[in-house]
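Observations on the three-dimensional arrangement
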Amino acid sequence: MAHSHSAGSSTNSERGRTQHSPEAEPPLQSNAVRLVFDDPGIRRALTRIAHEIVERNESPELLYLVAIPNGGIPLARRLKANLGEIARVEVPLGILDTTLYRDDLSARGERPLLRETEMPSGVDGRVVVLVDDVVKSGRTVRAAMDALMDFGRPRSVQLVGLVDRGHRELPIKLDYVGKNVPTSAHETVRLQAAPDASAGELEVVVAGGEAREPGERG
Amino acid sequence: MIGQDLLGMEQLSREQIGRILHTAERMQEVGAREVKKVPTLRGRTIVNLFFEASTRTKASFEIAGKRLSADVVNFTPSTSSMKKAESILDTARTLDAMDPDCVVVRHAVAGVPHRIAQVLTAPVVNAGDGAHEHPTQALLDLLTVKQAKGRIDGLSVTIIGDVLHSRVARSNIYGFTKMGAEVRVAGPPTLIPKGIERLGVKAFTNLEQALIGADVVMALRIQNERLAGSHVPSVREYAATFGLDRTRLQYAKEDAIVMHPGPVNRGVELSQELVDHRPSVILDQVRNGVALRMAVLYLITGRPHASVQAEEG
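Quick caveat: nothing in here was measured; it's all calculated off a predicted structure. (Residues numbered from 1 in each chain as written. Chains lettered and ligands numbered in written order. Predicted model: local features only at pLDDT ≥ 70, side-chain atom pairs only at ≥ 80, totals over all residues.)

Another point: the overall build of chain B. Of the regular secondary structure elements, chain B holds twelve helices and nine strands. Scaling as 2.2 N^0.38, a compact globule of 313 residues should have a C-alpha radius of gyration of about 20 Å, and chain B matches this with 19 Å. The buried share of chain B, taken over its 313 residues, is 49%. A separation of at least 24 residues holds for 74% of the contacts in chain B among residues at least 6 apart in sequence. (Helix = DSSP H or I, 4+ residues; strand = E, 2+ residues; numbered from the N terminus. Rg over C-alpha atoms; globule rule 2.2 N^0.38 Å. Buried ≥ 20, exposed ≤ 12 C-beta atoms within 10 Å, placed from the backbone. Contact = placed C-beta atoms within 7 Å.)

The following block contains the structure:
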């Protein structure tokens, strides 16, 4: 339980947590935490992505945002607001946990914590836009698509990733990318609350050298 | 996280109980879907090994396993090998050789699931052993109370009836006290075990006194055939003294909820009217049982398999 498998994408990870983790033995190779995306940058990226979504979809009333927790939730909320302004549509926003659909559950080991799923309505005939914070292996996206199909038959599924770090292990590509962040496979990239943030400001940081946890999402 | 086996509430920590309840609340969402199935335990086998008759608990475990996509096999030895005088442990060993991923055990004798767990490779879930423990019932009761009341900590819980023979009472006493509730038991002196106070509960032989200020009132099933004439003069007399109805319920808090592990003897433990209407939450208990057992199966099948403990003899 101490090993949160979502360390790579938690919004509430404390800054500096990687500097001293009792679980990580031997000691980390590097303590460096570098900022790759600040809140204004994230805002600009999401505004651009919202415009791209509207350009690409002729019927904005069919859009349905589905956030992958935890990181996808604040991003999808911002996208919903942006889409409301740009296209004058109230886009439904669902939350879909992928944990029960993961492909590594047959491995014996500590079970990952389940997160919330809340789908306000079925997805039949809708243009679903999946929203995740960091996309790496593509395995979470694969799980999300399987989960989504249990809620109906969407007309199409598109994918937003705030950060694309590469290292894909499945044939999955992003339709909308906030930023490409080349990283080494051993680094951790996470979306988190910006320090001293009063109004839900976010940032994306790369923490160097932390060994990949067995249950880390990609 | 929750251990190799789930044998009793006695062994669980507050944190482990919290983790199970949290997981069960997430599983409730799966049960609310149109497609009530997730692929989590695809390819896994769960064996329901019920030496004692059970319809409700067995069905609940079976539905829970199937909603997680596991293959669920019901094994009722009383109708098969036990007639051939196969020993309980031999039955367990035979099952183990078929590589199940989890074995759910019910037996009329206390301690049998523990004994089976010692010889099995697969994790064992106790689905009720004699008058000892019934942990998944206590966990689903905790979940029901948590959702009806918003908390467990600081609540006052009154358990009424045959505490002496009740594994439900024992497991709930461990569970509710660990989660910070105050637990009282009430019943005829013949059905309240001596020294029950050592488990951190207050014992009452007067129902009204036990009900004062209660947030949760839980009536236990009275086994008519076993008790009448020995532990209580008659079922009718029991109902007159310890049966719960709306008048008696007024001693509890105004918003108190009424629970029963089922099946209810209508007009004995609970008045006819209390069974079917609020503040009774009996059907919520049943509903929550499936999600709770999904949570237990999910958590327990993730454990690394410990090597089989050395068997003496």
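Moving on from the model shown.
A few words now on the sheet that holds strand E8 (residues 202–207) of chain A. Consider a sheet: its strands pair through backbone hydrogen bonds, and that pairing is either parallel or antiparallel. Residue and element names in this part refer to chain A. Strand order in the open sheet formed by three strands is E1-E8-E7, and the pairing between neighbours is antiparallel. Only two strands of the sheet have a single partner each, and these edge strands are strand E1 (33–37) and strand E7 (188–193). The mean inter-strand angle of the sheet, taken between neighbouring strand axes irrespective of direction, is 35°. The pairing of E7 with E8 spans six bridges and is classified as antiparallel. Counterpart to Gln-192 in the pairing with E8 is Glu-203. (Pairing = 2+ DSSP bridges. Axes fitted to C-alpha atoms, helices over the stretch in contact; angles between N-to-C directions.)

All names here are of chain B. Assigned domains within chain B: domain 1 (9–134 + 287–300) and domain 2 (135–281). Once you take the C-alpha centre of each, domain 1 and domain 2 turn out to be 25 Å apart. Each side of the interface is counted separately: domain 1 has 23 residues, and domain 2 has 21 residues. Of all the secondary structure elements, the ones that give two or more residues to the side of domain 1 that touches domain 2 are helix H1 (14–31), strand E4 (124–129) and helix H12 (282–300). Split by residue class, the side of domain 1 that touches domain 2 holds ten nonpolar, seven polar and six charged. (Domains from an automatic or database assignment. Nonpolar A, V, L, I, M, F, W, Y, C, P; charged D, E, K, R; others polar.)

Let's shift gears to helix H3 (residues 139–149) of chain A. For an α-helix, 3.6 residues make a turn, and residues three or four places apart therefore share a direction. Residues of H3 of chain A that are buried: Arg-139, Thr-140, Val-141, Ala-143, Ala-144, Ala-147 and Leu-148 of chain A. Packed against the buried residues of H3 of chain A are strand E2 (63–67), strand E4 (127–135) and strand E5 (156–164) of chain A.

One finds Val-131 of chain A together with Val-217 and Leu-297 of chain B to be the most contacted residues of the largest nonpolar core, which totals 149 residues. The biggest single contributor to this core is H12 of chain B, with eleven residues. Residue contributions to this core reach at least three from each of two domains, namely domain 1 (9–134 + 287–300) and domain 2 (135–281) of chain B. Not counting residues within four places of it along the chain, the set of residues in contact with Val-131 of chain A comprises Leu-65, Val-66, Ala-67, Ile-68, Gly-72, Leu-75, Ala-76, Leu-79 and Val-160 of chain A. (Core = buried A, V, L, I, M, F, W, Y, C linked by C-beta atoms within 7 Å.)

This part covers the environment of Glu-237 of chain B. Structurally, Glu-237 of chain B can be placed in helix H9 (residues 235–242). Considered as a pair, Glu-237 of chain B and Val-268 of chain B are 31 residues apart in the sequence and their alpha carbons are 9.3 Å apart.

Moving on: the environment of Leu-142 of chain B. Residues and elements named next belong to chain B. The residue Leu-142 is located in helix H5 (residues 135–149) in this model. By C-beta crowding, Leu-142 is classed as buried, having 27 other C-beta atoms within 10 Å. Placed 30 residues apart in sequence, Leu-142 and Asn-172 show a C-alpha to C-alpha distance of 8.0 Å. Apart from residues no more than four positions distant in its own chain, Leu-142 is found in contact with Ile-17, Leu-21, Ile-152, Gly-175, Phe-176 and Met-179.

Take the sheet that holds strand E3 (residues 102–107) of chain B next. Residues and elements named next belong to chain B. One open sheet holds the four strands; their spatial order is E2-E1-E3-E4, and the pairing between them is parallel. Of all strands in the sheet, those with a lone pairing partner are strand E2 (71–75) and E4, marking the two edges. Taking the axes of each pair of neighbouring strands and ignoring which way they run, one obtains an average angle of 15° across the sheet. Strand direction decides the pairing type here: strand E1 (residues 45–50) and E2, joined by five bridges, are parallel. In the sheet register, Val-47 faces E2, and the bridge partner there is Val-73. Across the sheet, helix H4 (residues 112–119) is in contact with E3 and E4; its angle to E4 comes to roughly 160°.

Below, the discussion takes up the packing of H1 of chain B against H5 of chain B. Residue and element names in this part refer to chain B. At their nearest, the axes of H1 and H5 sit 10 Å apart, and the two run at 70° to each other. As judged from the angle between their axes, H1 and H5 are roughly perpendicular. For the pair H1 and H5, the crossing hand works out as right-handed. In this structure, H1 contributes Ile-17, Ile-20, Leu-21 and Ala-24 to the contact, and H5 contributes Leu-139, Leu-142, Leu-143 and Lys-146. Each residue belonging to the contact of H1 with H5 can be placed in one class, and the counts come to seven nonpolar, no polar and one charged. (Parallel < 35°, antiparallel > 145°, perpendicular 65-115°, else oblique. Left-handed = near helix turned anticlockwise from the far one by under 90°.)

Residues and elements named next belong to chain B. In this fold, Val-157 is placed in strand E5 (residues 156–160). Sequence separation of Val-157 and Ile-192 is 35 residues, and the distance between their C-alpha atoms is 16 Å. Leaving out residues up to four positions away in the same chain, Val-157 has contacts with Phe-176, Ala-181, Glu-182, Val-183, Ala-214, Asp-215, Val-216 and Met-218.

Now for the confidence of the model for chain B. Scored by pLDDT, chain B has a mean of 92; 93% of the residues are at 70 or more. Predicted as a complex, the structure gets a pTM of 0.88 and an ipTM equal to 0.87. (pLDDT = per-residue confidence, 0-100.)

Our next topic: helix H6 (residues 167–178) of chain B. Residues and elements named next belong to chain B. When the terminal C-alpha atoms of H6 are compared, their 17 Å separation across twelve residues agrees well with the 16 Å that a helix rising 1.5 Å per residue should span. Across the twelve residues that make up H6, a large majority, eleven, are buried. Downstream of H6 by one or two residues, Gly-180 has phi in the positive range, about 90°. (Expected span 1.5 Å × (residues − 1).)

This part takes up unusual backbone geometry. Residue Pro-69 of chain A is joined to Asn-70 of chain A through a cis peptide bond whose omega torsion reads 0°. In this structure, Asn-70 of chain A sits in the loop between E2 and helix H2 (72–87). In this structure, Pro-263 of chain B follows Gly-262 of chain B across a cis peptide bond, with omega equal to -10°. In this model, Arg-88 of chain A sits at a positive phi of 55°, which is unusual for a non-glycine residue. You can see Arg-88 of chain A is positioned in the loop between H2 and strand E3 (93–95).

Here the focus is the pairing of E5 of chain A. All names here are of chain A. Two elements, E4 and E5, share eight bridges in a ladder whose sense is parallel. Considered in E5, the bridge of Asp-132 is made with Gly-161. For the segment spanning E4, H3 and E5, crossover handedness is right-handed. Looking at chain direction, E5 and strand E6 (residues 176–180) are connected through four bridges and run parallel. By the bridge assignment, Asp-164 is partnered in E6 with Asn-180. (Right-handed = clockwise from strand over helix to strand, strands pointing away.)

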